[in-house]
Structures are given as C-alpha cells and as structure tokens.
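# Inside the fold
Residues per chain, in single letters:
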Amino acid sequence: MADASCSRETKSRGRAIEADRDTHTQPSSSRCFRMFKKFQPSADIAGQTTVKSSIQRGIRSAILSSWKIDVETLEEIWPKKESIVHVKCRDHLSIYALHGEPLFFQHFDGPYFPTLRLFHKYPFILPHVRVDRGAIRFLLAGAHMMCPGLTSAGGWLPPADAALPAGTPVAFDAEGKEFAVGIGIMKLGTEEMKVVKKGVAVESITYVGDDLWAIQKL
C-alpha cells in the first residue's frame, strides 16, 4: 500500500513539474499578445511618435532578414520616403503604422510580426503551416495550437528539407479556408512536432476577429 501511495504521489509530482515547466518556458510573447483578445485603443495605447530615420533603417533590415520578403516588396508596403509611426501600448507592445494603418508589431525587442490584414495582401512573407478543420474554432478563440491539429490528416507541416525551427513566426492556414486565419510563433520545430505529436506546437499571437484585426486605422 505504501509503495502504491508513493507511486501515485511521484506521478502527481511529475505532472505538476511538467505543467510548471510548460508554463514557464513559454515565450513572453504569448502572455503579451493575448491582450489582443481585449485590446482597447483608448485604454491600451500610451502614445504615438514618428520613428527616427536611423531606427527605421534598423527596422527595415530586421524585417528583410526575418520575413520572406525582398526590397521591392518592402518598398511597396512601406516606401522609404514615408515615415512610420510607433504606437506605444501597454505591456511593452509596439504597433507600427503608416498613415494610421497598422503594418506590423513587436513585443520588447522580439521579432516583428505583420498584422494579419497586411499578411492577407502579401501571403508569401511568412512560412505557412495548416491546422485541421477541428482546430479552427479553438484558434479563433485565441487558443495555442497543439501538435495533433497540425499532424493530423487535415493539417500540414513542411517537408523535412524545408523544416522550420522553434521560434519561427508562421501563418496559420486552415483546412478548407482560402486565407490564413492567424499568425503565431513556433514552440517546437516542425520535425519535432511530427515525432512527439502532442503538446503546444505553435503559440497563437493574432487571429481573424481579435481586437488587432478590428483596428483598421489608429
């Protein structure tokens, strides 16, 4: 009896440790960007300032190195002669807008993510993964995407020769849908997802219908 009780206690403690580890190893992006579920410009925006030319050059360089984008396409989205505006928000969230239209955003000094509205105009600027039909309603409720939603018959991950590492910003395609329904950041590499087939695969950052999607002008 004592051995059985000890075994149950050990298993319980192990589950608690794993749950705690999962919580604390999630990038801070998930804690910040969930604010887009309840984002109110009047309350959450602290101010707006025009970005200095030297900083704009750094932002351009970072986008060119992290997105699947060439100089000509970036010029089309954001002409060099145009200055973007830094919209400072709570929780160290920054939205960058051109003529009031949000183009991309960043948390602290993390990667720059295009808004989903911008991505729909240029769907090649991020790599894609696809969730199955059953995962769509969870994604549109702000949930992170689990491995089974991507490794099932209705899901899709790139082949091994185009594998994506953890930390890569990606777009969520959805089974049966024409346009991407969200953008996230990978917690696992795509090849690891195919092996483990469980747990959080991609952390959802923004999705169709959230409060960032609702903002067309700032």
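Residues numbered from 1 in each chain as written. Predicted model: local features only at pLDDT ≥ 70, side-chain atom pairs only at ≥ 80, totals over all residues. Heavy atoms only, no water.

This is how the line gets drawn: UniProt positions are given in the numbering used here, feature names are shortened, and annotations may be inferred rather than shown by experiment.
Under an unreviewed UniProt entry, the protein has the name Translation machinery-associated protein 20 and belongs to Russula ochroleuca. Of the protein, the UniProt comment under Function (unreviewed entry) reads exactly: "Involved in translation." Regarding the protein, the relevant UniProt record gives this comment under Sequence similarities (unreviewed entry): "Belongs to the TMA20 family."

### Considerations on helix α4 (residues 53-66)
Heads up, the rule is: The helix count covers DSSP runs of H or I at least four residues long, the strand count covers runs of E at least two residues long, and both are numbered beginning at the N terminus. Given the number of residues in a helix, its expected span is that number minus one, multiplied by 1.5 Å. Whether a residue is buried, partly exposed or exposed follows from its accessible area with a 1.4 Å probe, protein chains only, as a fraction of its type maximum: under 20%, in between, or over 50%, in that order. Each C-beta atom gives one direction from the helix axis, and the arc is the one those directions make. By the convention used here, residues are in contact when the closest approach between their heavy atoms is within 4.5 Å.
Spanning 14 residues, α4 covers 20 Å between terminal C-alpha atoms, matching the ideal 20 Å at 1.5 Å per step. What α4 keeps buried is the set Gln56, Ile59, Arg60 and Ile63. Here the buried residues of α4 occupy an arc of 100° about the axis, which is enough to place them on one side. Relative to its buried face, α4 has exposed residues pointing more than 90 degrees away, namely Arg57 and Ser65. As for α4, its buried residues are in contact with α5 (71-77), β3 (93-98) and β4 (101-107).

### Remarks on the sheet that holds strand β8 (residues 169-174)
For clarity, the cut-off: Here a strand pair is declared whenever DSSP counts at least two bridges between the two strands.
Across the sheet, which stays open at both edges, the five strands sit in the order β6-β8-β9-β10-β7 with mixed pairing between neighbours. If you trace the sheet from one side to the other, it starts and ends with β6 (128-131) and β7 (145-146), each paired once. As paired strands, β8 and strand β9 (residues 182-186) are joined by four bridges and run antiparallel to one another. When the bridges of β9 are listed, valine 170 appears paired with glycine 184.

### A word on the environment of proline 102
Following the sequence through the fold, proline 102 ends up in strand β4. Judged by relative accessible area, proline 102 falls into the buried class, the value being 6%. Taking the C-alpha atoms as reference points, proline 102 and arginine 117, 15 residues apart in sequence, are found 8.6 Å from one another. Leaving out residues up to four positions away in the same chain, proline 102 has contacts with Ile95, Tyr96, Ala97, Thr115, Ile215, Gln216 and Leu218.

### What about the nonpolar core?
The cut-off we apply is this: Residues enter a nonpolar core if they are buried and are Ala, Val, Leu, Ile, Met, Phe, Trp, Tyr or Cys, with the set joined through side-chain atoms within 4.5 Å. Start and end positions for the domains come from either an automated domain assignment or a database one.
Membership of the largest hydrophobic core comes to 37 residues, with the highest contact counts inside it found for Ile59, Trp67 and Phe104. Listed by contribution, the elements that provide at least two residues to this core are α4, α5, β2 (85-89), β3, β4, α6 (116-121) and β9. In terms of residue count, the dominant contributor to this core is β3 (five residues). A domain split of this core shows at least three residues from each of domain 1 (2-121) and domain 2 (128-209).

### What to know about unusual backbone geometry
Although it is not a glycine, histidine 99 adopts a positive phi angle of roughly 55°. Structurally, the position occupied by histidine 99 is in the loop between β3 and β4. Its relative accessible area of 58% is what places histidine 99 among the exposed residues. At phenylalanine 108, a residue that is not glycine, the phi angle is positive and equals roughly 50°.

### Some details on the sheet that holds strand β1 (residues 45-50)
Sheet architecture is open: five strands sit in the order β1-β2-β3-β4-β5, paired in antiparallel fashion. Looking along the sheet, the strands with just one partner apiece sit at the ends: β1 and β5 (113-114). Examined bridge by bridge, β4 and β5 share two bridges and lie antiparallel to one another. Opposite phenylalanine 105, over in β5, you have phenylalanine 113 as the bridge partner.

### Quick notes on the packing of aromatic side chains
Short version of the rule: In this analysis, rings of Phe, Tyr and Trp, with Trp reduced to its six-membered ring, are considered paired at centre separations within 6.5 Å, and the interplanar angle assigns stacked below 30 degrees, edge-to-face beyond 60, and tilted for intermediate values. Here, a charge over a ring is recorded when the distance from Lys NZ or Arg CZ to the ring centre is within 6 Å and its angle to the ring normal is within 35 degrees.
A full pass over the atoms with the stated rule returns seven aromatic pairs. One aromatic cluster is present, formed by Trp67, Trp78, Tyr96, Phe104 and Tyr112 through successive ring pairs. Directly above the ring of tryptophan 78 sits arginine 60, whose terminal nitrogen or CZ lies 4.0 Å from the centroid. In this structure, arginine 117 packs its charged tip against the face of tryptophan 213, placed 4.0 Å from the ring centre.

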